[in-house]
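# Coordinates in review
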Amino acid sequence: MWIKDWTDAAACRDSSLGTVFLEPSEEDQAKLVCAGCPVRTECLADALDNQTGSGVWGGMSETERRLLLSRMPGIPSWRSLLETAE
């Protein structure tokens, strides 16, 4: 089930790792928080659709998201794609 207002359920909501400006050494810690997050997919879709730059979103770093976007250009809605895939 897709959660539209996903930010309230995010595992990082109350974490200092929820910040978008992370040191490279903190990315792995943030990804661990993402691994158990109930709205990881919603978060990732939002970051991809909005081409969010900094930070770890949905378990992916900025570099990983940019690579995915470059490998799969032209996806009109990552939310629709990921929602359907669930």
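Below you will find a few notes about this structure. Chains are numbered independently. Their residues run from 1 in the order of the written sequence. The model is predicted, so local features are restricted to residues of pLDDT at least 70 and side-chain atom pairs to those at 80 or more, both for listing and for counting; the totals for chains, interfaces and linings are taken over all residues. The side-chain values count all of the structure's non-hydrogen atoms but skip hydrogen atoms and water molecules.

### Quick word on the nonpolar core
Our working definition: Nonpolar cores were defined as sets of buried Ala, Val, Leu, Ile, Met, Phe, Trp, Tyr and Cys residues, with membership established by side-chain atoms within 4.5 Å. A 1.4 Å probe rolled over the protein chains alone gives each residue an accessible area, and that area as a share of the maximum for its type sets the label: buried under 20%, exposed over 50%, partly exposed in between. Under the DSSP-based scheme used, a helix requires at least four consecutive residues in state H or I and a strand at least two consecutive residues in state E, with every element numbered from the N terminus. Should any heavy atoms of two residues lie within 4.5 Å, those residues are considered in contact.
Ranked by size, the top nonpolar core spans seven residues in total: Trp2, Leu44, Ala45, Leu48, Met60, Trp78 and Leu82. Mapped onto this core, the elements with two or more residues apiece are helix 2 (40-49) and helix 4 (78-85). At three residues, helix 2 tops the list of elements feeding residues into this core. What Leu44 contacts, discounting residues up to four positions off in sequence, is Trp57, Gly58, Met60, Arg65 and Leu82. Of all hydrophobic cores here, the second largest spans five residues; its members include Trp6, Ala10, Cys37 and Val39.

### Regarding the packing of helix 2 against helix 4
The criterion, for reference: Orientation is described by axes fitted as lines to C-alpha atoms, over the contacting stretch for helices, and by angles from 0 to 180 degrees between their N-to-C directions. Any angle that is under 35 degrees is reported as roughly parallel, and any over 145 degrees as roughly antiparallel; angles of 65 to 115 degrees are reported as roughly perpendicular and all others as oblique. Should the near helix be turned anticlockwise from the far one by less than a right angle, the crossing is left-handed, and should it be turned clockwise, the crossing is right-handed. The nonpolar class holds Ala, Val, Leu, Ile, Met, Phe, Trp, Tyr, Cys and Pro. Asp, Glu, Lys and Arg form the charged class, and all remaining residues, Gly among them, are polar.
The contact between helix 2 and helix 4 brings their axes to 8 Å, and the two run at 155°. The angle between the axes of helix 2 and helix 4 places the two elements in the roughly antiparallel class. For the pair helix 2 and helix 4, the crossing hand works out as right-handed. Only Trp78, Arg79 and Leu82 of helix 4 make contact with helix 2, whose side of the interface consists of Thr41, Leu44, Ala45, Leu48 and Asp49. For the contact of helix 2 with helix 4, the per-class residue count stands at five nonpolar, one polar and two charged.

### Quick word on the pattern of salt bridges
Filter applied, for reference: Counted as salt bridges are all cases of a side-chain nitrogen of Lys or Arg within 4 Å of a carboxyl oxygen of Asp or Glu.
Inspection of the entire model under this criterion finds three salt bridges. For Arg66, the salt bridge identified is with Glu62, shortest N-O distance 2.5 Å. Linking Arg66 with Glu62, this pair stays in helix 3 (residues 62-71), spanning four residues, or about one helical turn. By relative accessible area, Arg66 is classed as exposed at 54%. The closest approach of N and O atoms between Glu83 and Arg79, which form a salt bridge, is 3.6 Å. With Glu83 and Arg79 both in helix 4 and four residues apart, the pair spans about one turn of that helix. With relative accessibility at 35%, the residue Glu83 sits in the partly exposed group. Among the residues examined, Arg79 registers a relative accessible area of 30% and is labelled partly exposed.

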